[in-house]
There are 2 protein chains.
Amino acid sequence: MARTPVWKSIAIALTDDIAQGRYETGAKLPPEAQLSARFGVNRHTVRRALAEMAEQGLVHARRGAGVFVAAKPADYPIGKRVRFHQNLAREGRTPAKQVLMLETRAAGVREAEALGLAPGDPVHVYDGLSLADGQPVALAQAIFPAERLPDLCGALREETSITAALKACGVADYTRLETRITAKLATATQALHLRISEGAPILRTTSISVDPDGTPVEFGRTWFAGDRVTLTVGGED
Amino acid sequence: MARTPVWKSIAIALTDDIAQGRYETGAKLPPEAQLSARFGVNRHTVRRALAEMAEQGLVHARRGAGVFVAAKPADYPIGKRVRFHQNLAREGRTPAKQVLMLETRAAGVREAEALGLAPGDPVHVYDGLSLADGQPVALAQAIFPAERLPDLCGALREETSITAALKACGVADYTRLETRITAKLATATQALHLRISEGAPILRTTSISVDPDGTPVEFGRTWFAGDRVTLTVGGED
DNA sequence: GGCTAACATTTGTCTAGTTGTATAGTTGAA
DNA sequence: TTCAACTATACAACTAGACAAATGTTAGCC
């Protein structure tokens, strides 16, 4: 006899359910207690199955909330013209952003250098979450020179994208001057926002964007959920 | 592995924000709902963090109004002239001390060496608690040469500060010769006195103070509640 | 101006549900 | 015996939603 463990057959059954479309991406699976009743096994056995699926990136569990079907990875091109909303819309996914924090404060040394300011000059700091089809994809921090863009905070709050907010403040166009990419592990709060597990791989990019005159307008730091995004460089554009 | 709970890391993040001056003393923190969005957790989890901070006296909440910063960690300059009462008064906080124990006994080897005595010579030992605005900030042990300062015990009991007690015994001035700083974790009794949790970080300093002639007058050991104090070295003075 | 009433905001509390983890026990097979 | 798979139970940590209570704000009225 083959003797496949019970938990493995449960994992297969659930995986099949997802493939059949019984549970959509982003949807919540029934709670473990309910699943264990359905399969007639102990809760731990279901957990074993779910753990396997989580490791394969098929589902993701949030303590207290439930187990959710993970989304498919998206290609995210990085070139001269990086526009989160356009990038995703091109793939037929619905982009969205969620403002986590918005403040104006003095620039740090690193930030001032990137924006061509003096340390201590005022900057707008935007902390936000970028979503694709309602699923968090990236944590983004963007820093703008406050003196040049005094009304940006309001615009960021109201507009649906950073590009639109910059346009409302008179920056009709801007291009990416430089992007640096490194790999990190998710901290606890990053993991919570991105709905991944602590210690999961993260792509961290830091970037400088300039307007057509070559004046820096944005210093950005973005943390992508490594499982959900594939950064692509080069190609067209 | 004992992973740190999410609420604890949130408490640390907020405490740090306060220490960094992002929220001034007396200022209102963002409402719980906003904080829970910023950290990506449920409001209850933020409340757990705020409860911890409130217990430590860092913030206090008023129903219907908000959560306010009660006190930011005090800066405690360490230089030639370390005076607990003056240090705190300069920051607009009310210092106080509470005597835990007062005794005269024979000096140990380490203590004798620091004070330039022979082991077994009599020393006064002061054990006390230092408070800022009624909040315990540090546990202090001070050891004085008994033969040189025979009446110190009584003075320590009556005067409000060690500086005053020394003055009453004829030591008009004294300066810090040396201070050593290490990090420790709070023991149960330390935690109890400082009203922090067991295992919380503690700054331990050992110091030698001398009178204008260069004769050692005090050998001190102090345990600061790490959350409530930031030791600063150098600068003015 | 000064007062009140209505409303929105914000913290406090409660109940219920869900996943994470730890411990101990049972069963079946090599 | 020993080991792996599974069961059983309990508790901790976090989520979710609802409502109460206190506060701050604003509009309207005298």
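Residues numbered from 1 in each chain as written. Chains lettered and ligands numbered in written order. Predicted model: local features only at pLDDT ≥ 70, side-chain atom pairs only at ≥ 80, totals over all residues. Heavy atoms only, no water.

Describing the protein's contact with DNA strand C
Lining the immediate environment of DNA strand C, one finds 24 residues, of which Glu32, Arg43 and His44 of chain A together with Arg43 and His44 of chain B sit closest. Here a base nitrogen of DNA strand C sits 2.8 Å away from a polar atom, N or O, in the side chain of Arg43 of chain A. Contributing elements (two or more residues each) for the surface near DNA strand C: helix H3 (43-55), strand E1 (59-62) and strand E2 (66-69) of chain A together with helix H3 (43-55), strand E1 (59-62) and strand E2 (66-69) of chain B. Of the residues assigned to the surface near DNA strand C, the class counts are 7 nonpolar, 6 polar and 11 charged. (Near = heavy atom within 4 Å. Polar contact = N/O pair within 3.5 Å; in protein donor to acceptor, adjacent residues only side chain to side chain. Helix = DSSP H or I, 4+ residues; strand = E, 2+ residues; numbered from the N terminus. Nonpolar A, V, L, I, M, F, W, Y, C, P; charged D, E, K, R; others polar.)

Digging into the sheet that holds strand E6 (residues 135-145) of chain A
Residues and elements named next belong to chain A. The strand order E4-E5-E6-E9-E8-E7 describes an open sheet built from 6 strands, whose pairing is antiparallel. Only two strands of the sheet have a single neighbouring strand rather than two, namely strand E4 (95-106) and strand E7 (175-185). Each strand of the sheet is rotated relative to its neighbour by a mean of 15°, with strand direction disregarded. One ladder, built from 6 bridges, connects E6 with strand E9 (residues 216-225); its direction is antiparallel. Of the residues in E9, the one forming a bridge with Ala140 is Thr222. (Pairing = 2+ DSSP bridges. Axes fitted to C-alpha atoms, helices over the stretch in contact; angles between N-to-C directions.)

Overview of the pattern of salt bridges
Applying the stated criterion across every chain yields a total of 23 salt bridges over all chains. Linking Asp173 of chain A and Arg81 of chain A is a salt bridge whose minimum nitrogen-to-oxygen distance equals 3.0 Å. Residue Asp173 of chain A is found in the loop between helix H7 (162-168) and E7, and its partner Arg81 of chain A is found in the loop between strand E3 (74-78) and helix H4 (84-90); the two are separated by 92 residues along the sequence. For Arg81 of chain A, a relative accessible area of 35% translates into the label partly exposed. For Glu103 of chain A, the salt bridge is made with Arg22 of chain B, and the minimal N-O distance between the two is 3.3 Å. (Salt bridge = Lys/Arg side-chain N within 4 Å of Asp/Glu carboxyl O. Buried < 20%, exposed > 50% of the residue type's maximum accessible area, 1.4 Å probe, protein only.)

Details of the packing of aromatic side chains
On inspection of all chains with the given rule, the structure shows 4 aromatic pairs over all chains. Here the aromatic rings of Tyr76 of chain B and Phe84 of chain B are separated by 5.9 Å at their centres, their planes lie at 45°, and the arrangement is tilted. The class for Tyr76 of chain B is buried, based on a relative accessible area of 5%. The class for Phe84 of chain B is buried, based on a relative accessible area of 13%. Through a chain of ring-to-ring contacts, the aromatic side chains of Tyr76, Phe84 and Phe224 of chain A assemble into a single cluster. Between Arg83 of chain A and the ring centre of Tyr174 of chain A, over which it is positioned, the NZ or CZ distance is 3.8 Å. (Phe/Tyr/Trp six-rings, centres within 6.5 Å; stacked < 30°, edge-to-face > 60°. Lys NZ or Arg CZ within 6 Å of the ring centre and 35° of its normal.)

Some remarks on the pairing of E3 of chain A
All names here are of chain A. A one-sided burial pattern is seen for E3, the buried positions being Ala74, Tyr76 and Ile78 and the unburied ones Asp75 and Pro77. Here E3 pairs with strand E10 (residues 229-233) via 5 bridges, running parallel. From the neighbouring strand, Ala74 faces E10, where its bridge partner is Val229.

Here we look at the packing of helix H1 (residues 6-19) of chain A against H3 of chain A
Residues and elements named next belong to chain A. Where H1 contacts H3, the axes come no closer than 8 Å and their chain directions differ by 55°. Considering their axes alone, H1 and H3 lie oblique with respect to each other. Once H1 is placed against H3, the crossing between them reads as right-handed. Where H1 approaches H3, its residues Val6, Trp7, Ile10, Ala11, Leu14, Thr15 and Ile18 are matched on the opposing element by Thr45, Arg48, Ala49, Leu50, Glu52 and Met53. Across the contact of H1 with H3, the residue classes tally to 9 nonpolar, 2 polar and 2 charged. (Parallel < 35°, antiparallel > 145°, perpendicular 65-115°, else oblique. Left-handed = near helix turned anticlockwise from the far one by under 90°. Contact = heavy atoms within 4.5 Å.)

Looking at the protein's contact with DNA strand D
Close to DNA strand D lie 23 residues, the nearest being Thr45 and Arg63 of chain A together with His44, Thr45 and Arg63 of chain B. Here DNA strand D approaches the protein such that, of its atoms within 4 Å, sugar and phosphate make up 72%. Contacts to DNA strand D include Arg62 of chain A, whose side-chain N or O atom sits 3.4 Å from a phosphate oxygen. One of the side-chain N or O atoms of Arg63 of chain A is found 2.5 Å from a sugar or linking oxygen in DNA strand D. When residues of the surface near DNA strand D are traced back to their parent elements, those giving at least two are H1 and H3 of chain A together with helix H1 (6-19) and H3 of chain B. Broken down by element, the residue count for the surface near DNA strand D peaks at 3 residues, all from H3 of chain A.

What about the interface of chain A and chain B?
With 8 residues of chain A at the contact, the number on the chain B side is 8 residues. In total, chain A and chain B occlude about 770 Å² of area from one another, counting both sides; carbon and sulfur atoms represent 55% of this. At the boundary of chain A and chain B, one finds 4 residue pairs in polar contact (both at pLDDT 80 or more). Each residue belonging to the side of chain A that touches chain B can be placed in one class, and the counts come to 3 nonpolar, 2 polar and 3 charged. (Buried area = accessible area lost by both parts, 1.4 Å probe.)

Thoughts on the sheet that holds strand E5 (residues 122-132) of chain B
In a beta sheet, neighbouring strands are held together by backbone hydrogen bonds and run either parallel or antiparallel to one another. Residues and elements named next belong to chain B. Read from one edge of the open sheet, 6 strands run E4-E5-E6-E9-E8-E7, paired in antiparallel fashion. Lying at the two open borders of the sheet, with one neighbouring strand each, are strand E4 (95-106) and strand E7 (175-185). The sheet shows a mean angle of 15° between the axes of neighbouring strands, taken without regard to direction. Where E7 meets strand E8 (residues 201-210), 10 bridges bridge the pair, whose relative direction is antiparallel. Bridging from a neighbouring strand, Thr182 pairs with Arg204 of E8.

Some thoughts on the side chain of Asn87 of chain B
Along the polypeptide, Asn87 of chain B turns up in helix H4 (residues 84-90). Discounting residues that sit within four places of it in the chain, Asn87 of chain B has contacts with Tyr76, Pro77 and Val82 of chain B.

A look at the domain arrangement of chain A
Residue and element names in this part refer to chain A. Its domain assignment divides chain A into domain 1 (6-69) and domain 2 (74-233). Here the C-alpha centroids of domain 1 and domain 2 sit 34 Å apart. Of the residues lining the interface, 4 residues belong to domain 1; the matching set on domain 2 comes to 4 residues. In total, domain 1 and domain 2 occlude about 330 Å² of area from one another, counting both sides; carbon and sulfur atoms represent 49% of this. (Domains from an automatic or database assignment.)

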